[in-house]
Amino acid sequence: MRHSALISVAAIALLAAAATLLPLPSRDAAAQSAGVYINAVDLDIAPSEIGKFLEAVKENAEFAVKEPGCREFNVTVLANNPNHVFLYEVYDNEAALTAHRAGEHFKKFQAATANMVTGRNVRAMSLIAFNSKGH
């Protein structure tokens, strides 16, 4: 009896050790999100200003992806509302986004477009998984 109890204790210890080493879905999601900061921005633009705004935001995005810590800076518009712009920005961390916002080109963009934006919703997002094909 004592021999089987020792085997059971050893088996439980082995399973516990394996559980800490095996990749679990929740641990994978947390590991993937570590070191990535996503900024999602919805902007409503005055219809009369959309052309000028898009030129300015494309220039801002081009500068942003050259900055250290910026992985992506995507600019999109809603298919059924071309005056609604969605920005999807991916940074190494929040400090990289803060540095982007402190940059001269961002300040220039903000000043040039301040009166064009009629609505703004900025959200920090948590990464669950990146899925993409190489270009």
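Residues numbered from 1 in each chain as written. Predicted model: local features only at pLDDT ≥ 70, side-chain atom pairs only at ≥ 80, totals over all residues. Heavy atoms only, no water.

A. Quick peek at the overall build of the chain. Within the chain, the secondary structure is distributed over five helices and four strands. Of the regular secondary structure in the chain, the N- to C-terminal order runs α-α-β-α-β-β-α-α-β. Across the 135 residues that make up the chain, the buried fraction comes to 29%. Approximately 9,100 Å² of the chain is accessible, and the part contributed by carbon and sulfur atoms is 62%. (Helix = DSSP H or I, 4+ residues; strand = E, 2+ residues; numbered from the N terminus. Buried < 20%, exposed > 50% of the residue type's maximum accessible area, 1.4 Å probe, protein only. Areas by Shrake-Rupley, 256 points an atom, 1.4 Å probe, with all protein chains shown as cover.)

B. Region of the structure containing the packing of helix α3 (residues 50-64) against helix α5 (residues 104-113). The geometry of α3 relative to α5 is characterised by a closest axis approach of 10 Å and an angle of 170 degrees between their N-to-C directions. Relative to α5, the element α3 is oriented roughly antiparallel. Residues Phe 53, Ala 56, Val 57, Glu 59, Asn 60, Phe 63 and Ala 64 of α3 pack against His 105, Phe 106, Lys 108, Phe 109 and Thr 113 of α5. (Axes fitted to C-alpha atoms, helices over the stretch in contact; angles between N-to-C directions. Parallel < 35°, antiparallel > 145°, perpendicular 65-115°, else oblique. Contact = heavy atoms within 4.5 Å.)

C. Fine view of the pairing of strand β2 (residues 70-78). Note: β2 against strand β3 (residues 81-91), eight bridges, orientation antiparallel. Bridge pairing in β3 places Thr 76 opposite Phe 86. Hairpin geometry of β2 and β3 is characterised by an intervening segment of two residues between the two adjacent antiparallel strands. (Pairing = 2+ DSSP bridges.)

D. Geometry of the sheet that holds strand β4 (residues 117-125). Overall, antiparallel pairing links the four strands, which are arranged β2-β3-β1-β4 in an open sheet. The two strands at the open ends of the sheet, each matched to only one other strand, are β2 and β4. Averaged over all pairs of adjacent strands, the angle between strand axes in this sheet comes to 15 degrees, irrespective of strand direction. Along the sheet, α3 makes contact with β1 (37-45), β2, β3 and β4, crossing β2 at roughly 165 degrees. Packed onto the sheet, helix α4 (residues 94-102) meets β1, β2, β3 and β4 and runs at close to 125 degrees relative to β3.

E. Quick peek at the environment of Phe 73. As for its placement among the helices and strands, Phe 73 is situated in strand β2. In this structure the C-alpha to C-alpha distance between Phe 73 and Val 90, which are 17 residues apart in sequence, comes to 6.5 Å. Not counting residues up to four positions away in its chain, the partners in contact with Phe 73 are Asn 60, Ala 61, Ala 64, Val 65, Leu 87, Tyr 88, Glu 89, Tyr 91 and His 100.

F. Molecular detail of the pattern of salt bridges. A full pass over the atoms with the stated rule returns six salt bridges. With a closest N to O distance of 3.2 Å, Lys 52 and Glu 49 form a salt bridge. As a salt-bridge pair, Lys 107 and Glu 104 come within 4.0 Å of each other at their nearest N and O atoms. Of this pair, Lys 107 and Glu 104 are both found in helix α5, three residues apart, which corresponds to roughly one turn of the helix. (Salt bridge = Lys/Arg side-chain N within 4 Å of Asp/Glu carboxyl O.)

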